[in-house]
Amino acid sequence: MALMQRMPIEGLAPAIEDDRGSGFRAVLKRIPSPRHVFEVGCNGGLWSTVHLLDLCPEASIDIAEILPDRAAEAAEKFAAKERVRVHNIDAVEFRPKFKIDLLILDVQTGLIGYAFEELLPALTPLLTQDAGVFLYIVYDLEAAFGDDVGEYEGVAEFIPRYFGATVLDIDIVRRRMKPEGFETLALVDRNMLERGRGYGWTYMVRG
Ligand SMILES: C[S@@+](CC[C@H](N)C(=O)[O-])C[C@H]1O[C@@H](n2cnc3c(N)ncnc32)[C@H](O)[C@@H]1O
């Protein structure tokens, strides 16, 4: 990813502005344009793929989707886009002939811990030395779930265990991810039109 930085990104906070209210899009506008993107999880592509297609005209995009019906739906949706390939596989089975320079881990909320603790280490050997990684995160448990975590017990257990807090800021995420080999550059809200819900994205680079 030796292309020019588009805008400063360092330390982006959840409340950054974006014309479409997408934290993912706000960060994507500020990072070098990727060549080989690997997205894990495609439920219609609304959260990530559409923005990649719009903002990264030269990127080729491989998507892993474990559920056959969702993979088939995504393959049909993006059939006209030659640079998008949908694989109906578990992401850990992906064996590309190239190195990935942008990884997007967008598995469902209940699997956020799995994404940090298992998927990220498993996929890191596929990345370029200066690759970027987006990881879906819950950065404020109470804002996201209120008093009742319901079916999200797994992530409610994971966030304080892994990060040592239930409300995360970029410095907390940065300190935790540094020993894992990642420099955190942004922690943004996932859907900024409905602020304060506690669901976000973290963006990090290797290093
Ligand atoms: C939140 S959705 C993805 C949303 C998508 N990025 C979008 O823009 O619409 C999560 C998806 O991840 C898929 N998934 C979960 N674990 C996976 C794995 N190990 N490999 C591939 N797909 C996975 C689920 O089946 C689900 O469809």
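Procedures and definitions
- Residues numbered from 1 in each chain as written.
- Predicted model: local features only at pLDDT ≥ 70, side-chain atom pairs only at ≥ 80, totals over all residues.
- Helix = DSSP H or I, 4+ residues; strand = E, 2+ residues; numbered from the N terminus.
- Buried ≥ 20, exposed ≤ 12 C-beta atoms within 10 Å, placed from the backbone.
- Contact = placed C-beta atoms within 7 Å.
- Pairing = 2+ DSSP bridges.
- Axes fitted to C-alpha atoms, helices over the stretch in contact; angles between N-to-C directions.
- Near = placed C-beta within 6 Å.
- Nonpolar A, V, L, I, M, F, W, Y, C, P; charged D, E, K, R; others polar.
- Right-handed = clockwise from strand over helix to strand, strands pointing away.

**A closer look at the overall build of the chain**
- In terms of regular secondary structure, the chain is built from seven helices and seven strands.
- What you see in the chain, going N to C, is helices and strands ordered as α-β-α-β-α-β-β-α-β-α-α-α-β-β.
- Counting only residues that meet the buried cut, the chain has 40% of its 207 residues in that class.
- Residue pairs in contact within the chain that sit at least 24 positions apart in sequence constitute 65% of those at least 6 positions apart.

**With respect to the sheet that holds strand β3 (residues 84-87)**
- The strand order across the open sheet formed by seven strands is β3-β2-β1-β4-β5-β7-β6, and the pairing between neighbours is mixed. Looking along the sheet, the strands with just one partner apiece sit at the ends: β3 and β6 (182-189). In this sheet, neighbouring strand axes are inclined to one another by 15° on average, regardless of whether the strands run parallel or antiparallel.
- As paired strands, strand β1 (residues 36-40) and strand β4 (residues 100-105) are joined by four bridges and run parallel to one another. From the neighbouring strand, F38 faces β4, where its bridge partner is L103.
- Helix α4 (residues 112-123) contacts β1, β4 and β5 (127-138) of the sheet and is inclined by roughly 170° relative to β5.

**A word on the site of the ligand**
- Near the ligand there are 21 residues, and of these G41, N43, W47, I66 and A91 occur at the shortest range.
- Of the residues belonging to the shell around the ligand, the class tally is ten nonpolar, seven polar and four charged.

**Here we look at the environment of A131**
- Locating A131 in the fold gives a position in strand β5.
- Among the residues examined, A131 registers 23 C-beta atoms within 10 Å and is labelled buried.
- For the pair A131 and K99, spaced 32 residues apart in sequence, the C-alpha separation works out to 9.0 Å.
- In this structure A131 touches I100, D101, L102, L103, V205 and R206, once residues within four positions along its chain are discounted.

**Some details on the pairing of β3**
- With burial as the criterion, only one face of β3 is covered, namely that bearing V84 and V86; the residues R85 and H87 on the opposite face remain uncovered.
- Alignment of strand β2 (residues 60-64) against β3, held across four bridges, turns out to be parallel. Bridged to I61 within β3 is V84.
- The handedness of the β2 to β3 crossover, carried by helix α3 (residues 68-77), is right-handed.

**A word on the pairing of β6**
- Burial analysis of β6 places seven of its eight residues in the buried class, which makes it a mostly covered element.
- Pairing between β6 and strand β7 (residues 199-206): seven bridges, direction antiparallel. Bridging from a neighbouring strand, A186 pairs with Y203 of β7.

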